[in-house]
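Now for the letters of each chain:
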Amino acid sequence: RERYEVREHDVLIIGAGGAGLRAAVSATQRGLSVGIVTKSLLGKAHTVMAEGGMAAALGNVDPDDSWRQHFMDTMKSGKFINNWRMAEIHAKESPDRVYELEQWGALFNRTPEGKISQRPFGGHTYRRLAHVGDRTGLELIRTMQEKALATDAKVYMETTVTKLLKNNGRVVGALAYTRESGKFVHFKAKAVVMATGGWGRIFKVTSNSWEGTGDGVVLSYDAGADLVDMEMMQFHPTGMVWPPGVRGLLVTEGVRGEGGLLRNSEGKRYMENYDPQKMELSTRDVVARANYTEVQEGRGSEHGGVYLDITHLGYEGIMKKLPTMYEQFKNLADIDISREPMEVFPTVHYTMGGVKVDPETCESSVPGLFAAGEVAGGLHGANRLGGNSLSDLLVFGRRAGEGAAEYVQQSTHSTEIEEQELLTEIGRVLEPLEKRGDGESPYLIQQELQVAMMEHANLMRDGDSLQEGLGKILALKDRLPRVSVPGSRLFNPGWHTAQDVRYLVQISEIILRTALERKERRGAQWRLDYDGPDEELGGINFIVSKDEQGEVGIERREIPPMPEHLAKLVEEEKAKA
Ligand code: FAD
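As a starting point, this report considers the structure included with it. A quick note: this is a predicted structure, and the numbers were derived from the prediction, not measured. All residue numbers refer to position in the chain's written sequence, counted from 1. Owing to the predicted nature of the model, reporting of local features is limited to residues with pLDDT of at least 70; listing and counting of side-chain atom pairs is limited to 80 or more, with chain, interface and lining totals taken over all residues. By convention in this description, side-chain values take in all heavy atoms of the structure and omit both hydrogens and water.

### Comments concerning the sheet that holds strand β5 (residues 129-130)
Here comes step 1: Across the sheet, which stays open at both edges, the three strands sit in the order β3-β5-β4 with antiparallel pairing between neighbours. With one partner strand each, in any of the chains shown, β3 (54-55) and β4 (118-119) form the two edges of the open sheet.
Here comes step 2: Paired strands are those between which DSSP finds at least two bridges. Only DSSP runs of H or I reaching four residues or more are called helices, and only runs of E reaching two or more are called strands; each is numbered from the N terminus. Of the strand pairs in this sheet, β4 and β5 are connected by two bridges, and their pairing is antiparallel. From the neighbouring strand, Q118 faces β5, where its bridge partner is A130.

Structural data, given as structure tokens:
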């Protein structure tokens, strides 16, 4: 009989990016025992890759900035389907999270007077992004990691969760395996915080690392949680295009923030045709479509992108403000960006949708399950503003940690579950190894899925193509039970991929189905078979949950009206326009 270890904590946090680490700090501050599980090493995660900065209305550079304007910018960019309460909390609390990070040791770039410096970014009315050169995520994760390790939280590295466990309708732990040895671990916990990040790896060209397979959103969905805005995937306007091996690697929006200009093969600054007021600093959905359209219409660069020029900063300026970009292009493409322009094209970057949560506590629709960071949905609506993710992680990571702690302190429920449930799950996870390589390759399924999503769910979509994509994904779903891998449990990447493809297929199906339902053009959801936004859908979120037959259920849910103080801000903004 398969043996497994048992570990017990008050709060189990799945994910060690910014959201998970911030949640851990909050929960330990309440005196609770906390376990943090990460499928990679501590200090990795997408958070470490963040470059441009963290948005917060500090008003250090532009004193007129305020939480009100940050709220409005976030709502406008999200095309008003955002959860307005999350947008309000985020705008009000992100300055405190920046100062807290500074107190805990983060070294931000400074203004000449010594204040935390703030750079402009697309869609932000004022200069708002606190940053550390173009290595902001590295500084954030370094600081949060030290802070979390100074607590009593126990970290389980290279440990992958495969299932959330429930007792009496509540989430009471998770089953995981260690990637090195394939040993199973039963984590018992009174509450679980999901902080597993996004799912950019459902596309072939993406800025995301191998970790972005969306495990947490499917684990939550399987446990009965509601998801929201799943059709909304962000395409970042500027990924590398050349050489082919690095296609999709991010070129930070910080480049445009520092004055970078976009030009087509005719040398024209074409953003004047798409957003003459904001030009290169328009929102990501608009700039991504502009770059795509220029290439589609035959005005692309040599390798199928457009040109992004930052040469005006000169070598010294670039090394001060964008050193990573300089090294990235020099090392990977042998291009000196202080002398020649970069070639860029849209790349899949971020997932606006995710687990639907209560804005105050981050609790999902399943008791005992909390979610924060990129895996959660609602704050960003139809399009995220650059810089609003790092602030999201800390604002809602903190709230999730506190929400989970509060829930644990108020409840006395049992964390026991039937042993048979664990054994069945262990059997399911081991299945691909037991078939001894005599079946479907998980790599092939992953590859076919990424190609299908590129073709059918890209930044311009239409009903027929989405439907065709859905057919392809459902065919892959049928092949999943036959997935098999050779080798043993020891250091076996094929076995890990066999777990990942289940998530990739499920998420892709959900995205295609919800993209078929939202029949309009709104933010990242750009349906070519509709002319523009649909007024009625402007008040609707699509909520996804698993129905009784285990299929994807989609419900149209009306967005509740804003309270008066927020509605007034929207009215004032409209009057300004
Ligand atoms: P992540 O940092 O992705 O962490 C997820 C964690 O979950 C990891 O520890 C992972 O190992 C773990 N995990 C996943 N699945 C499992 C599982 N099954 N079992 C156990 N553990 C699991 N945003 C900004 O605001 N500003 C920027 O300048 C910026 N730049 C970016 C640049 C790049 C290249 C990228 C990719 C993103 C950028 N973003 C930026 C977005 C931002 O970095 C991410 O949205 C954010 O870091 C996500 O943080 P998170 O804590 O939610 O998840």
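Following the structure, the description resumes.
### Concerning helix α15 (residues 493-517)
Here comes step 1: If you check α15, its first and last C-alpha atoms are 36 Å apart, about what 25 residues at 1.5 Å a residue would give, namely 36 Å.
Here comes step 2: The seven residues ending at a residue and the seven starting there each receive a fitted axis; the angle between those axes is the bend at that residue. D500 marks the point of greatest bend in α15, at about 25 degrees.
Here comes step 3: Using a 1.4 Å probe on the protein chains alone, a residue whose accessible area is under 20% of its type maximum counts as buried, one over 50% counts as exposed, and one in between counts as partly exposed. Among the 25 residues in α15, 21 count as buried, and that is most of the element.
Here comes step 4: Here a polar contact is recorded for every N or O atom pair within 3.5 Å, except that within protein the pair must consist of a potential hydrogen donor and a potential acceptor, and residues adjacent in sequence are included only if both atoms are side-chain atoms. One side-chain oxygen of the residue at the start of α15 lies 3.1 Å from the amide nitrogen of G494, identifying that residue as N492. Multiplying one less than the number of residues by 1.5 Å gives the expected span of a helix.

### Re the site of the ligand
Here comes step 1: Whether a residue is near a molecule or strand depends on its heavy atoms: it is near if one of them lies within 4 Å of it. Neighbouring residues of the ligand: 39 residues in total, closest T47, G52, E211, D215 and E374.
Here comes step 2: In the model, a nitrogen atom of the ligand is placed 3.1 Å from a nitrogen or oxygen of the K39 main chain.
Here comes step 3: In this structure, a nitrogen atom belonging to the ligand sits 2.7 Å away from a side-chain N or O atom of D215.
Here comes step 4: Here the accessible surface of atoms and residues is derived via Shrake-Rupley with a 1.4 Å probe, and residues count as covered only by protein chains that are part of the display. With the chains in place, 98% of the 1,000 Å² that the ligand exposes on its own is no longer accessible.
Here comes step 5: Of all the elements in the fold, those that place two or more residues in the shell around the ligand are α1 (18-29), β7 (159-167), β14 (342-351) and α11 (388-410).
Here comes step 6: Side-chain classes follow a simple rule in which Ala, Val, Leu, Ile, Met, Phe, Trp, Tyr, Cys and Pro form the nonpolar group, Asp, Glu, Lys and Arg form the charged group, and the remainder, Gly included, forms the polar group. A per-class count over the shell around the ligand returns 13 nonpolar, 20 polar and six charged.

### Thoughts on the pattern of salt bridges
Here comes step 1: By definition, a salt bridge exists where a carboxyl oxygen of Asp or Glu is found within 4 Å of a side-chain nitrogen of Lys or Arg. In this structure the tally under the stated criterion is 51 salt bridges.
Here comes step 2: A salt bridge links R256 to E253; the nearest nitrogen and oxygen atoms lie 3.9 Å apart.
Here comes step 3: Exposure remark for R256: the relative accessible area of 2% places this residue in the buried category.
Here comes step 4: A relative accessible area of 1% places E253 in the buried class.

### Details of the side chain of S26
Here comes step 1: With respect to the secondary-structure elements, S26 resides in helix α1.
Here comes step 2: Taking relative accessible area as the criterion, S26 reaches 1% and is therefore assigned buried.
Here comes step 3: Contacts: residue pairs with any heavy atoms within 4.5 Å of one another. Sequence-distant contacts of S26, that is, excluding residues within four places in its chain, are made with R398, G401 and E402.

### Description of the nonpolar core
Here comes step 1: Ranked by internal contacts, the top residues of the largest apolar core, which has 142 residues, are V11, F71, L164, W199, I202, V217 and M453.
Here comes step 2: At 12 residues, the largest contribution of residues to this core is made by α15.
Here comes step 3: Residues within four places of V217 in sequence aside, it is in contact with T196, W199, L227, M230, G354, V355, V375 and I507.
Here comes step 4: In this structure, V255, V306, I318 and I335 belong to the second largest nonpolar core, which totals 23 residues. Among the buried residues, those of types Ala, Val, Leu, Ile, Met, Phe, Trp, Tyr and Cys that are joined through side-chain atoms within 4.5 Å form a nonpolar core.

These figures capture arrangement, not role.
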